[in-house]
Amino acid sequence: MMKLIVAVSLIFLLSSCEKDRKPLPSGKKIYVQVIASQSGSGAAFGLQGLQGLFSAKDLKPLLPNGDEIVFKIQDDSSDVKKSQKYVDMIDKNSTALLTFCSSATQLGIIPQVQHKKIPTLAVIATHDDFTKVCSYMTRLSMSNSREAEVSASYIRDELLMSRVGIIYSKNNIYSKSISEYFERKFKQLDGEVVLSRSIESFNNKKENYQKLIDDSDLDIIFLSTNALLSYKFLKVFNTLQTDVKIFATDGLLSDMHKHFPNDMDILNGVLTIDHYSHSMEFNEQSKILIKYLKKHKLSLNSFTGLGYEAYQILYDALLACKTYNRECVNNKLRNSKLFDGVISNLQTVDGNMQRAIYVNEIQDGKMLRKVKVY
Amino acid sequence: MQYHTKALFVYDNEALDWIELVKNSDLHVKITSCNIELFLQEPLKYINEGEHLIIAADTQEIEKCLHVAIKHSLSIGFLPFARQKQLIRHYCLSSNLQSNLNIALLQSDNSVDLIECGDKIMQVKATFGEIPLVSNISYKNGFFAFIENLKRGIKEFFKITMQEVSITTENDKKIKTVVSGGSLVQSSYKGFFSRVSGVKHSVRDSQVKMILVSPFSVIEYMKFLFSVISFSKNSSNLSNAVGLIKSKSVTIETKRSKRLHIDDSFHVYLPVTCKIIDSAVKVSAPEEFWEANPSSDQNKESIKTDNLPDEKESERYRDKHIPFFSYASEEHFRELFSALRDDANMHSIYVVLMLLSTLLATIGLFANSIAVVIGAMLLAPLMAPIVSLSMGLLRADTKLLNASLIKISWGVLLALGASALVTYILPSMDLTSEMKARINPTVLDLGVAIISGIAAAYSKSFKEIIQSLAGVAIAVALVPPLSTAGIGLGKGDMLVFLQAFLLFFTNLIGITLSATLTFFVLGYSSVLKSKKSLMLIMLIMIFISFPLYTSFHKIVEKEQVSKATRYERFLINGKYIIVNSATLRYTEGKDVLDIGLKVREGLNRNDLYKLKREIEKNYKRQLRINASVEYIL
């Protein structure tokens, strides 16, 4: 009987060993250019994104055939011109380009990418247009139009609110673009956009905001401004006598963490959209990454998750193209198979990522899931 | 209160500083002082017969003084050092010198008994062998000393070894048994000895009192410790694993222990005879001490050794480490084992009840009536053979195992046949929600099975528990799925049969294993066959682990689906779709998702097609989806 138990145990052990077999290095290297904003206004997402990318590489350093992906990192300091210069400098040895930059940068490098015909994976940028205009670009994040559509639908059909005010920043392309998408969609849903004004026009005066609340009978405000302007607005807004809710665009929490870490309380109760939620169910991939990050005293957030997923999709594309030919890699990036990301199941179709996103409510510096939208 | 008019203060070097204070006492007592070494050399040089001694010395020197006091009829009072916690506690003194001095000078007509072991005199306790956390208790102060003591004691739990011991009383009665250790204790009615023995004792009852500790397992030893801590003064029960001997004298002989440790300070070699010195010495002590130690003339010899192993059992335990869980011999639980053997045998009542309960359950399931199904559970006689099966498994008792397996198998066949027959006779009826619940089990179903198995084994172990209650709990887990399986057979629907039967079988295994484990924890495994039976259980576990895992995995998956869907929304062709509820089930070999949706605008074919694709992408499999749609106005 003892022999039987030992035999069964051995079978279990051997089958688990098989699973963990690691490839041996072949010596061949696949070069991938990376442009990341490590300073300037985009530093928060650039640095966190790179953490996710390198975590993924540490966990899976080689392709199954032993070839290694080597990243050549350049910091564009959140400057479009620098990014353009770096794309110009890409040589024939590089197989692909990863960018951890804003939408403005991504739009700015379209001519260079098109000219070089280099498959480009935009990890952070959310603008709708670059994947339409440039056939060598793939977007890993949700698009502005998708974010606006989900926001409007959630407000209209889940919260059953019909009167919305839109506050945007007139000097911010992203803010204006997403606000326009939102307004269009909300109206389509028979909602009423009571006002649409730039934040600058309020001069950050309490009486101006109070007048807005008193006159317009608002249910909710859609706020698409950056962290600094949102901070100033919420500081004043939270002192008003009102139960009007705030719905903010993505990335606000991360930016606030970077710029105003001691004032996170002002975000309590704000609804927002993100790829990530602190209360989401973690899949096997996210559990592996969380364990790794914890070991290195880091934590999982939206941008580290995106960085990790960028490695996954690039890895799969390279795996599918045996000679690492740029055209093949580009096709595999733009039309991927369905795979388990850190945050949800992912698949690219014509360069656009199809993924679930979360509507969260911020409480005590954490985004708590309200709903997950596919 | 009357004080002595004169006294001799005997001290060791540690008490040098106290001489002035003692001499200048304001109680008008004439006090002379003397170093204890000089006093012990020539006591009568310093004091006359019948006079009073005040002692400030360590325990070994006190013991020598006691010899002198007994010999020359001296009365004594104590000035203990702060570290002498045991002495302070025993005589109800305090750590305040002045207060102790006032007590030590009191005239007292009351004497205490002392125990003489060999040539040594014991005041408080004497121990041999291993009684962790009792015999080696430290009287050091502080939290860290307590933790250190506790850690050491717990480590020793796992090293407790039983040894043969022989005790002979004054009336020449000889007790032979195996124990981990024993202790002679001079205890007040509030003290340790009274708590363990459940009888009030006193240091003035003219008896040597001895406890023998014989735990069959670490768990039992823990229970004993718990009784030491928690026994109320009014309890009259003798703690488990403990024997009690009261006599004028006891002679202790052991095979392994060489020494009897006295008052944590000195020892005598075994074998030794310990005898009472009745009213040995007059002691100055507070009123509280005399109240806690009333004099007693009920000093008949008493021996209570029912909880100790007899000579036959002693053979098994001698010179062995005690196991974590207890073992039991059949002789020890004769009644229980004979009841279990009866339960494993087939008889007509079982057949009739099994048939009636299944018929009732089948009709209840068709009527979709929980009340009728519960009625069926009250009749079901499944508990008895399952409990016998568990015990047979634990003790690797092939006879019991076979008999109970045969009885269960007959019961299952009868139940399947009866419910299939009812289904065949009844006009064609659809599956009711009660039946569907049995082919789509949840985690809670397995929970019911496991807990009812524990309850069954537990209730079988104690006569005072009404066993039918646990029987109903078992029936909850077994009768409805079994009847549903029979309905599947009757309908010719093998999928319903297999799914319901899988639930029945999983629950049966869950109940049996949890009952087996409960019997194991309660100490019913056989000392001889336990390893063999554990192997058997392990083997069964390995063989059933795959179907159990598959079944459990499906259960967990269903729970996850219904939990996750509470937050899931779909944006399809610009239409926002709220998932209100979702239940995953397995019918006709396919995964079926019943989904409740809420929308604000109508869904067309294309929307539904895309929604299905999105859902399938999310669950990574093909599904049959039944959706019901509600409109939000």
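That block above? That's the structure.
Quick look at the structure, then. (Residues numbered from 1 in each chain as written. Chains lettered and ligands numbered in written order. Predicted model: local features only at pLDDT ≥ 70, side-chain atom pairs only at ≥ 80, totals over all residues. Heavy atoms only, no water.)

**Quick word on the sheet that holds strand 9 (residues 245-248) of chain A**
Pairing within the open sheet is mixed, and its 11 strands lie in the order 7(A)-6(A)-8(A)-9(A)-10(A)-14(A)-15(A)-18(B)-19(B)-20(B)-21(B). Of all the strands in the sheet, just strand 7 (192-198) of chain A together with strand 21 (624-631) of chain B have a single pairing partner and so form its edges. Sheet twist, expressed as the mean angle between neighbouring strand axes with direction ignored, is 30 degrees. The pairing of strand 14 (residues 357-363) of chain A with strand 15 (residues 366-373) of chain A spans 7 bridges and is antiparallel. Its bridge partner lying in strand 15 of chain A, Gln363(A) is registered against Lys366(A). (Pairing = 2+ DSSP bridges. Helix = DSSP H or I, 4+ residues; strand = E, 2+ residues; numbered from the N terminus. Axes fitted to C-alpha atoms, helices over the stretch in contact; angles between N-to-C directions.)

**Section: the nonpolar core**
As a rule of thumb, soluble globular proteins bury nonpolar side chains together. All names here are of chain A. Formed by 74 residues in total, the largest nonpolar core has its most connected members in Ile 69, Ile 221 and Phe 233. In terms of residue count, helix 13 (residues 302-320) provides more of this core than any other element does, 10 residues in total. For this core, the two domains that each supply at least three residues are domain 1 (29-142 + 281-355) and domain 2 (145-279 + 359-373). Apart from the residues within four sequence positions on either side, Ile 221 is in contact with Gly 165, Ile 167, Leu 212, Ile 213, Phe 233, Phe 237, Val 244, Lys 245, Ile 246 and Phe 247. (Core = buried A, V, L, I, M, F, W, Y, C linked by side-chain atoms within 4.5 Å. Buried < 20%, exposed > 50% of the residue type's maximum accessible area, 1.4 Å probe, protein only. Domains from an automatic or database assignment. Contact = heavy atoms within 4.5 Å.)

**Re the interface of chain A and chain B**
Often, the extent of an interface is quoted as the loss of accessible area on bringing the components together. Contacts between the two partners involve 28 residues from chain A and, on the opposite side, 23 residues from chain B. With both sides pooled, the region where chain A packs onto chain B buries about 2400 Å², and carbon together with sulfur makes up 61% of that total. Run the count over chain A and chain B and you get 2 salt bridges. Close ionic contact of Arg569(B) with Glu158(A) constitutes a salt bridge, the shortest N to O distance being 2.5 Å. Viewed at the interface, chain B and chain A are joined by 11 residue pairs in polar contact (both at pLDDT 80 or more). By residue number, the principal contributor to the side of chain A that touches chain B is helix 7 (residues 144-158) of chain A, which donates 8 residues. Classifying every residue of the side of chain A that touches chain B by side-chain character gives 13 nonpolar, 4 polar and 11 charged. Pairing of strand 15 of chain A with strand 18 (residues 568-572) of chain B involves 2 bridges; the strand directions are parallel. Bridging across to strand 18 of chain B, Val373(A) finds its partner in Arg569(B). (Buried area = accessible area lost by both parts, 1.4 Å probe. Salt bridge = Lys/Arg side-chain N within 4 Å of Asp/Glu carboxyl O. Polar contact = N/O pair within 3.5 Å; in protein donor to acceptor, adjacent residues only side chain to side chain. Nonpolar A, V, L, I, M, F, W, Y, C, P; charged D, E, K, R; others polar.)

**Remarks on the packing of aromatic side chains**
The final tally for this structure, using the stated rule, is 21 aromatic pairs over all chains. Their ring planes at 15 degrees and their centres at 5.6 Å tell us that Phe182(A) and Phe186(A) sit as a pair that is stacked. Here Phe186(A) and Phe182(A) lie together in helix 8 (residues 173-188), a separation of 4 residues that amounts to about one turn. Given the relative accessible area of 0%, Phe182(A) is considered buried. Residue Phe186(A) is classed as buried on the basis of its relative accessible area, which comes to 0%. For the pair Phe497(B) and Phe501(B), a centre-to-centre distance of 5.5 Å together with 25 degrees between the ring planes defines the contact as stacked. One end of the pair, Phe497(B), and the other, Phe501(B), are both in helix 20 (residues 494-521), 4 residues apart, so they sit about a helical turn from each other. Taking the relative accessible area as the measure of exposure, Phe497(B) reaches 13% and is therefore buried. Take Phe501(B): its relative accessible area is 25%, and that puts it in the partly exposed class. Every member of this aromatic cluster is reached through a ring pair, and the members are Tyr154(A), Phe182(A), Phe186(A), Phe222(A) and Phe247(A). Residue placement shows Arg369(A) over the ring face of Tyr567(B); its charged tip is 3.6 Å from the ring centre. (Phe/Tyr/Trp six-rings, centres within 6.5 Å; stacked < 30°, edge-to-face > 60°. Lys NZ or Arg CZ within 6 Å of the ring centre and 35° of its normal.)

**Things to note about the packing of helix 10 (residues 227-237) of chain A against helix 11 (residues 252-259) of chain A**
Residues and elements named next belong to chain A. Here helix 10 crosses helix 11 at 85 degrees, and the two axes come no closer than 9 Å. For the element pair helix 10 / helix 11, the angle class is roughly perpendicular. Of helix 11, the residues touching helix 10 (which contributes Ala 227, Ser 230 and Tyr 231) are Leu 252, Asp 255, Met 256 and His 259. Partitioned by chemical class, the residues of the contact of helix 10 with helix 11 number 4 nonpolar, 2 polar and 1 charged. (Parallel < 35°, antiparallel > 145°, perpendicular 65-115°, else oblique.)

**Let's talk about the state of the cysteines**
Put plainly, a disulfide is one covalent bond tying together the sulfur atoms of two cysteines. Following the criterion strictly, the structure yields 2 disulfides over all chains and no others. The disulfide partner of Cys321(A) is Cys328(A), and the gap between their sulfur atoms is 1.9 Å. Handedness here is read from the sign of the S-S torsion; for Cys321(A) and Cys328(A), about -85 degrees, the answer is left-handed. For Cys321(A), a relative accessible area of 2% puts it in the buried group. What makes Cys328(A) partly exposed here is its relative accessible area of 23%. Each disulfide pairs two cysteine sulfurs, and for Cys117(B) the partner residue is Cys274(B), the sulfurs being separated by 2.2 Å. With the S-S bond torsion at 120 degrees, the cross-link from Cys117(B) to Cys274(B) turns out right-handed. Taken together, the residues span a long stretch of sequence, with Cys117(B) in strand 5 (residues 111-117) and Cys274(B) in strand 16 (residues 272-282) at a distance of 157 residues. (Disulfide = S-S within 2.5 Å.)

It is worth stressing that arrangement in space is one thing and function is another; only the former is reported here.
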